[in-house]
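# Summary of the model geometry
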Amino acid sequence: MRVSHLKQFQTNVTTRRGRPCVILKGELREKAAWQLLKQLETFPASSYPIHLDIGDLEAIHWFAARILKAGVDHIMKSRGEIFLIQKRKKPKPFSLEYFPPILSFVEEGSDEV
């Protein structure tokens, strides 16, 4: 087993275009994915759509990706839309096609490096 240095996951909430924006930095693992979902659920439905800035997100663990996909699907059905913000790109609605890190790790399901 190879041990690597993990970059601590951080979130920061600001306002962009009059809407809440959650800025993500570091590596997203299972515990962080749960915390992010809990944070997204604290916003009232009237605050949606919410912006999720993933420009500084470095890595997503495969299980965290599964947690995030299921949770965000539920939040979007029950509360409102979530838009992804990436560096030098227009905000886009949350979907797997616009969130490449999830696409690459969800199907793998492995801790191998």
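For the structure, see preceding data.
The structure contained in this document is the topic of the report that follows. (Residues numbered from 1 in each chain as written. Predicted model: local features only at pLDDT ≥ 70, side-chain atom pairs only at ≥ 80, totals over all residues. Heavy atoms only, no water.)

## So, the environment of Ala-32
Where we set the bar: Note on conventions: DSSP H or I runs of at least 4 residues are helices, E runs of at least 2 residues are strands, and numbering of each starts at the N terminus. Under the scheme applied here, a residue whose accessible area is under 20% of the maximum for its type counts as buried, over 50% as exposed, and between as partly exposed, the area being computed with a 1.4 Å probe on protein chains only.
You can see Ala-32 is positioned in helix α1 (residues 30-41). Taking the relative accessible area as the measure of exposure, Ala-32 reaches 9% and is therefore buried.

## Overview of α1
How we decide: One less than the residue count of a helix, multiplied by 1.5 Å, gives the span that helix is expected to have. Here the arc refers to the directions that run from the helix axis out to each C-beta atom. Should any heavy atoms of two residues lie within 4.5 Å, those residues are counted as being in contact.
Spanning 12 residues, α1 covers 17 Å between terminal C-alpha atoms, matching the ideal 16 Å at 1.5 Å per step. Taken residue by residue, α1 has Ala-32, Ala-33, Leu-36, Leu-37 and Leu-40 as its buried positions. Along the long axis of α1, the arc covered by the buried residues comes to 140 degrees, so they all point the same way. Those residues of α1 that are exposed and aimed more than 90 degrees away from the buried face are Lys-31 and Lys-38. Elements that come into contact with the buried residues of α1 comprise β2 (19-28), β3 (50-60), α2 (62-78) and β4 (82-85).

## Quick word on the nonpolar core
For clarity, the cut-off: Among the buried residues, those of types Ala, Val, Leu, Ile, Met, Phe, Trp, Tyr and Cys that are joined through side-chain atoms within 4.5 Å form a nonpolar core.
Residues Val-22, Leu-24, Leu-28, Leu-40 and Leu-52 are the most contacted members of the largest nonpolar core, which totals 24 residues. Among the secondary structure elements, those contributing two or more residues to this core are β2, α1, β3, α2 and β4. Broken down by element, this core gets its largest block of residues, 6 residues, from α2. Setting aside residues up to four positions removed in sequence, Leu-28 forms contacts with Phe-9, Ala-33, Leu-57, Ala-59, Ile-60, His-61, Ala-64 and Leu-68.

## Thoughts on the packing of aromatic side chains
Each aromatic ring pair is characterised by the separation of its centres together with the angle its planes make. Quick reminder of the rule: Ring pairs shown here join Phe, Tyr and Trp side chains whose ring centres sit within 6.5 Å, with only the six-membered ring taken for Trp; geometry is labelled stacked below 30 degrees between planes, edge-to-face above 60, and tilted in between.
Overall, the coordinates contain 1 aromatic pair when judged by the stated rule. For the ring pair Trp-62 and Phe-63, a centre distance of 5.6 Å and an interplane angle of 70 degrees mean the geometry is edge-to-face. The class of Trp-62 is buried, set by a relative accessible area of 17%. You can call Phe-63 partly exposed: its relative accessible area is 38%.

By themselves these figures say nothing about function.
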